[in-house]
Amino acid sequence: MTRKLKIGITCYPTLGGSGVVATELGKLLAENGHEIHFITHSIPFRLGQFHKNIFFHEVEVNNYYVFRYPPYDLSLASKMAQVAEMQKLDILHVHYAIPHAVCAFLAKQIHGKGLKTVTTLHGTDITVLAQDESLKDLIRLAIHESDAVTAVSQDLIRETRELLDITTPIDLTYNFVDKRVYYPRDTSSRRGDYAAPDEKILMHISNFRPVKRVGDVIDIFRRVSEHVPSKLLLVGEGPELSRIQCQIREMGLENRVHFLGKQEDVAEVISLADLMLLPSEKESFGLVALEAMGCGVPTIGSTAGGIPELVSHGETGFLSPIGDTADMARNAARLLTNPSMYNQFRSACIKRAYGEFCNERITREYEKIYYRVLGMEAELPVPACEG
Ligand code: GMT
């Protein structure tokens, strides 16, 4: 029988898709019998209640008065090395290159006993930060020093190679969806809180940063609502929020848009929607579109980054060039006003989400990478995923 592993995981525990993927992966690996040690500054927000096989090690930052900026990265690297030693970790799996992959490299040096590290690149750690000349060499070093590197789409692999001149292998590990959580839910009793019976619901979920082009979301909605009675639900918070509120007021859409803020139960919220809007400027994968697919909700989005690897144009949604809000609105209205086409898309979404991006298969891909890095033979049949 294949030996179970002791795996340290570091991620941003309180925000973003990379934190969600890292936490959900940790939970799934624990279900498969591995021992998981989260090494982060606070408990990952998706961890939920107590789980067998999961441990949490808090990184405490030294606030000594000489420090203008308390050195979180150094405290993290020390903690990683300490946990690796105390818990006899086999692998340290870090999510997002900066600073986590750099800290893992340092931890490996401190530990000094052949600790293996795996880095998963999630998106802006490459598409934004690797464009910064002051960070580029550091990110390249961290990637070269990882025992394995994974990225969440082919497009992100391509961009990593181009921007950083990386020739070493990078494994593809798509984001995944758990059908026990993301499935079409009956929200008929809650829909009335946001929309009249004849109105459609469009939704956007993000951290409201410029790369998400939330202004385009409002413009798409304005155009759609001229033809289709509808409401827009905005979920999440971030730096663009106040600008967006002004835009909504200027367009006279205040009564048609609801701000839901950050939400814990994303699957329940998504199930309220008829369409998900994702017109991003940069999007290495688009986890929220996959979660929507699992709930049977098609996406109207841009062709940025890895979105076309996830959303099949004309089957599970429609994609347009970045910024072409007129085309996106046309596609949205077309889908919303054609019930038979909409139902076809809905079924295709569920089939594709569960068939291509099922949690069992992607978790297994990560496990294979761990055993490969450790030089261990492992019997790991690929689970059948059914859409
Ligand atoms: O790269 C980021 O913006 C941060 C990251 C996050 O923590 O939310 O998002 C990225 O990682 C997700 C999980 O792998 C992907 O699904 C998102 O597409 C990606 N975001 C971007 O590329 C903008």
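Residues numbered from 1 in each chain as written. Predicted model: local features only at pLDDT ≥ 70, side-chain atom pairs only at ≥ 80, totals over all residues. Heavy atoms only, no water.

Caption draft 1: Expanded view of the sheet that holds strand β12 (residues 299-302). If you walk across this open sheet you meet the six strands as β10-β9-β8-β11-β12-β13, and the pairing is parallel. Every interior strand has two partners, whereas the edge strands, β10 (257-261) and β13 (317-320), have only one. Strand-to-strand twist of the sheet, defined as the mean angle between neighbouring strand axes without regard to direction, takes the value 20°. Relative to β12, strand β11 (residues 275-278) runs parallel, the two sharing three bridges. Along β12, the bridge assignment pairs Leu277 with Ile300. (Pairing = 2+ DSSP bridges. Helix = DSSP H or I, 4+ residues; strand = E, 2+ residues; numbered from the N terminus. Axes fitted to C-alpha atoms, helices over the stretch in contact; angles between N-to-C directions.)

Caption draft 2: Structural view of the side chain of Ser284. Within the fold, Ser284 resides in the loop between β11 and α11 (287-294). Among the polar contacts made by the side chain of Ser284, one reaches the main-chain carbonyl oxygen of His122 at a distance of 2.4 Å. (Polar contact = N/O pair within 3.5 Å; in protein donor to acceptor, adjacent residues only side chain to side chain.)

Caption draft 3: Seen up close, a nonpolar patch on the surface. Taken together, the side chains of Tyr64, Tyr65, Val66 and Phe67 define a hydrophobic patch exposed on the protein surface, amounting to about 480 Å² of accessible area. Structurally, Tyr65 is set in the loop between β3 (54-58) and α2 (72-87). (Patch = residues over 30% accessible without salt bridge, like charges linked within 9 Å, V, L, I, M, F, W, Y side chains within 5 Å. Areas by Shrake-Rupley, 256 points an atom, 1.4 Å probe, with all protein chains shown as cover. Salt bridge = Lys/Arg side-chain N within 4 Å of Asp/Glu carboxyl O.)

Caption draft 4: Spatial organisation of the state of the cysteines. For the structure on display, the rule yields one disulfide. Cys11 takes part in no disulfide bond, and the closest cysteine sulfur, belonging to Cys103, lies 13 Å away. Accessibility expressed as a relative area gives 1% for Cys11, which makes it buried. With no disulfide of its own, Cys295 has Cys349 as its nearest cysteine by sulfur position, at a separation of 10 Å. (Disulfide = S-S within 2.5 Å. Buried < 20%, exposed > 50% of the residue type's maximum accessible area, 1.4 Å probe, protein only.)

Caption draft 5: The arrangement of the side chain of Glu309 in detail. The topology assignment puts Glu309 in helix α12 (residues 307-310). Within the buried core, Glu309 has no salt-bridge partner, and the shortest N-O distance to an opposite charge, that of Arg158, equals 7.5 Å. Ignoring any residue separated from it by four or fewer positions in sequence, one finds Glu309 in contact with Ser153, Gln154, Asp155, Tyr174, Arg352 and Phe357. (Lys, Arg positive; Asp, Glu negative; His and termini not counted. Contact = heavy atoms within 4.5 Å.)

Caption draft 6: Geometry of the domain arrangement of the protein. Structurally, the protein comprises domain 1 (6-176 + 358-374) and domain 2 (188-356). A C-alpha centroid distance of 30 Å is found between domain 1 and domain 2. Contact residues are listed per partner, giving 21 residues for domain 1 and 15 residues for domain 2. Buried surface at the junction of domain 1 and domain 2, both sides included, amounts to about 1400 Å², of which 50% is carbon and sulfur. (Domains from an automatic or database assignment. Buried area = accessible area lost by both parts, 1.4 Å probe.)

Caption draft 7: Structural context of the nonpolar core. Of all hydrophobic cores here, the largest spans 100 residues; its most connected members are Met80, Leu92, Ile126, Ile139, Met203 and Tyr370. Here this core spans two domains, since at least three of its residues come from each of domain 1 (6-176 + 358-374) and domain 2 (188-356). Residues contacting Ile126, with those up to four places away along its chain left out, are Leu121, Gln131, Ile139, Ile143, Leu156, Glu159, Thr160, Leu163 and Leu164. (Core = buried A, V, L, I, M, F, W, Y, C linked by side-chain atoms within 4.5 Å.)

Caption draft 8: Here's a closer look at the pattern of salt bridges. One pass over the structure, following the stated rule, counts 30 salt bridges. Asp155 is paired through a salt bridge with Arg158; the nearest N and O atoms lie 2.9 Å apart. Separated by three residues within a single helix, Asp155 and Arg158 lie in helix α6 (residues 154-164), roughly one turn from each other. The class for Arg158 is partly exposed, based on a relative accessible area of 37%. Across the pair Arg222 and Glu226 runs a salt bridge, and its minimum N-O distance is 3.3 Å. Take Glu226: its relative accessible area is 53%, and that puts it in the exposed class. It is possible to trace a salt-bridge network through shared partners that takes in Glu24, Lys27, Arg46 and Glu291.

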